[in-house]
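So you can see what is in the structure, the chains are spelled out below.
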Amino acid sequence: MSLLLSDTPKTPTVTSRSGKVLALSIGSSLSMVASLIFGIVASRWLSKNDYATIRQTFLAYEFIAPVLMLGLPTALYFFFPKEENKRGIVIDNISLLFLAGCIFSIFLLCGGYKLIARRFDNPDLLETLPWLIPYPLIIMPTAGLAAILVLQNKTKSLAVYNVALSLAVTLSGIWAVLATHSYFAPVIVRVFVPMLFIPVALFLMLSGNPGSTRWPCRDSMLSMARYSLPLGAATILGQLTLQSHSIIVSSICTPDEFAVYINGATQVPIVGIITGSIATVILSEMSFFCAKGDKPVALELFRKASIKSACVLFPVTCFLFVTATQFITLLYSEKYEASVTPFRIYLLILPIRIVVYGSALMALGLTRAILIRSIFDFLINALLCWVLVRTIGYIGAPIALALTLYLWTTPFNLLRIGQGFGVHWRETLPMDSLLKIALACIACIPLALLGSYGFDIPPIARMALAGFLYLVPVVFLFNYMGHLNLVNIRNKLRKVI
């Protein structure tokens, strides 16, 4: 507990930005690794049908949660700094999220779990979904924890909390899999272990905030809900666009095919770790500079964020594309070798997701543009996904997302951001620098191929050799190009750890 409380609120500064991003990225990375390890164990010790049952049980909540939250956690970035009674605002936010969670719990309680099980054509869900009834009541009220701790400049506390929670859930889930070799116990563990962390989360959300503890205020809650509506609608559509793939594949394909597909989507959390951490830190600063009318500084901040993300996502894309077969079979065994194809298609999406475009649009006040883009994102992607999955199977899901992002979403984002900053769309991102980073990564691919296929050694050794041969020259090239400073990175890592 002392570690969680060790950092006190400070005024955010530009010089502290890198440390915040690094702290959030390390926390997210460790959380992702913990979740990935559970997937590895469950894939190897359970049948495809049992593994699919676990994933489909929580897929229903993951699909509906953005709809119910309505962007309320994001609203804290607007209301929290303005209100004197900050503790009261947090109480109002928690109350709204609890009421939203009640909606899904009541739906399941009134027989909704039967509809979901029938839609997914998986009778095992009739046993697991009823246990999901208390889950939204446990998880949703603390959804604003990240926003509150970032606003209080307590990113280290947030990272520690996320890692502790994910490790507890993952380790207990692994124990449940190994002890029972069944889907039922891991589901129970994932539902009830987070209950142990609720007191800690609530304490972190309420402590250190000036103001009095009061009952929820109806006027404040209504004001927060009205503000959240347009951004919440855009967030809902954005999340539904991503989650709709899993829903459509679950509805059309068999549980075994869904298991193969969902393991092929392993790369997705990488985007959240890098771009999400950077966006969380720079959003408030971009909004500050735009409010002052200093748009060139805000644009430069956005451009620098893209370079930092590209220095991670571009090498990851190239390396994992080459070693995809070894990577997937090493994680999930050879029975999931078919997951390599969707995995590679999803990797092709990473290069255009080096920034969270919504952060720039929000800072510029273009919330209507976010909503319009999100509506068409959802419609285009859902239609393409449904047609392609019906035509060519689960491979159609990643193809649909790639086509949507390359042909509609990214061009629209760059055009509107350029208009908001008063520059040509090509100037919204440092295209020349990004191209040089991409070429450096591509130039080192033969070294990854050599390590991955040039020696008759075990798969894990080939992955390690390919990683060493590829990443070492890439890092030194980035250092030579001025995009990395190895000495500073080493010092910051040591300080954060």
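This text gives an overview of the structure that appears in the document. (Residues numbered from 1 in each chain as written. Predicted model: local features only at pLDDT ≥ 70, side-chain atom pairs only at ≥ 80, totals over all residues. Heavy atoms only, no water.)

**Quick notes on the nonpolar core**
Core analysis: the biggest nonpolar cluster contains 134 residues, and Leu-132, Phe-421 and Tyr-470 have the highest contact counts within it. Tallying contributions element by element places helix H14 (residues 295–322) first for this core, with 13 residues. Aside from chain neighbours lying at most four places away, what touches Leu-132 is Thr-57, Phe-58, Tyr-61, Phe-104, Leu-108 and Val-191. By size, the runner-up hydrophobic cluster in this structure holds five residues, among which are Ala-176, Ala-185, Val-189 and Val-193. (Core = buried A, V, L, I, M, F, W, Y, C linked by side-chain atoms within 4.5 Å. Buried < 20%, exposed > 50% of the residue type's maximum accessible area, 1.4 Å probe, protein only. Helix = DSSP H or I, 4+ residues; strand = E, 2+ residues; numbered from the N terminus. Contact = heavy atoms within 4.5 Å.)

**Looking at the packing of aromatic side chains**
Counted according to the given criterion, the structure contains 12 aromatic pairs. Summarising the aromatic geometry, the rings of Trp-131 and Phe-184 are spaced 6.1 Å apart at their centres and angled 80° between planes, so their arrangement reads as edge-to-face. Linking Trp-131 in the loop between helix H5 (125–128) and helix H6 (135–139) with Phe-184 in helix H9 (residues 184–192), this pair joins segments that are 53 residues apart in sequence. Classification of Trp-131 by relative accessible area gives partly exposed; the value is 38%. Relative accessible area serves as the criterion here: at 30%, Phe-184 is assigned to the partly exposed category. When the ring of Phe-319 is compared with that of Tyr-470, the centres are 6.1 Å apart and the planes differ by 25°; the resulting orientation is stacked. Of this pair, Phe-319 sits in helix H14 while Tyr-470 sits in helix H22 (residues 459–481), and the two are 151 residues apart along the sequence. Each member of the pair, Phe-319 together with Tyr-470, is buried. Among the aromatic side chains, those forming a connected cluster through ring pairs are Tyr-51, Tyr-332 and Tyr-336. (Phe/Tyr/Trp six-rings, centres within 6.5 Å; stacked < 30°, edge-to-face > 60°.)

**Concerning a nonpolar patch on the surface**
Residues Phe-321, Leu-348, Leu-403, Tyr-406 and Leu-407 make up a contiguous nonpolar surface patch of about 470 Å² in total accessible area. The element that contributes the greatest number of residues to the nonpolar patch is helix H19 (residues 396–421), accounting for three residues. Among the secondary structure elements, Leu-348 is positioned in the loop between helix H16 (340–347) and helix H17 (357–363). Residue Leu-348 is classed as partly exposed on the basis of its relative accessible area, which comes to 43%. (Patch = residues over 30% accessible without salt bridge, like charges linked within 9 Å, V, L, I, M, F, W, Y side chains within 5 Å. Areas by Shrake-Rupley, 256 points an atom, 1.4 Å probe, with all protein chains shown as cover. Salt bridge = Lys/Arg side-chain N within 4 Å of Asp/Glu carboxyl O.)

**A short note on unusual backbone geometry**
Phi is positive for His-181, close to 50°, though the residue is something other than glycine. As for its position among the elements, His-181 is in the loop between helix H8 (155–180) and H9. The phi torsion at Ser-333 lies on the positive side, around 85°, for a residue other than glycine. Inspection of the secondary structure assignment puts Ser-333 in the loop between helix H15 (324–332) and H16.

**Describing the state of the cysteines**
Applying the stated criterion to the full structure yields zero disulfides. The thiol sulfur of Cys-253 is not disulfide-bonded, and the nearest other cysteine sulfur, from Cys-385, lies at 9.2 Å. (Disulfide = S-S within 2.5 Å.)

**Regarding the side chain of Asp-50**
With respect to the helices and strands, the residue Asp-50 is situated in helix H2 (residues 48–69). Despite its burial, Asp-50 pairs with no opposite charge, the nearest such side chain being Lys-335 at 9.5 Å. Dropping the residues within four chain positions of it, Asp-50 is found in contact with Asp-124, His-181, Ser-182 and Tyr-183. (Lys, Arg positive; Asp, Glu negative; His and termini not counted.)

**Quick notes on H19**
End to end, H19 covers 36 Å across 26 residues, agreeing with the expected 38 Å (1.5 Å per residue, within 8%). Most pronounced at Leu-405, the bend in H19 amounts to some 45°. (Expected span 1.5 Å × (residues − 1). Bend = angle between axes of the 7 residues up to and from the residue.)

**With respect to the environment of Tyr-135**
Tracing the chain through its elements places Tyr-135 in helix H6. Sequence separation between Tyr-135 and Cys-102 is 33 residues; the distance between their C-alpha atoms is 9.8 Å.

**Concerning the pattern of salt bridges**
One side chain can pair with another of opposite charge once the charged atoms of both are near each other. Enumeration over the complete set of coordinates arrives at two salt bridges. Across the salt bridge formed by Glu-300 and Arg-303, the nearest N and O atoms sit 3.8 Å from each other. In this pair, Glu-300 and Arg-303 both sit in helix H14, three residues apart, roughly one turn of the helix. Here Arg-373 and Asp-377 are joined by a salt bridge, their closest N and O atoms 3.6 Å apart.

**Overview of the environment of Ile-372**
Tracing the backbone through its elements, the reader meets Ile-372 in helix H18 (residues 367–392). Distance from Ile-372 to Phe-412, taken between C-alpha atoms, is 10.0 Å for residues 40 residues apart in sequence.

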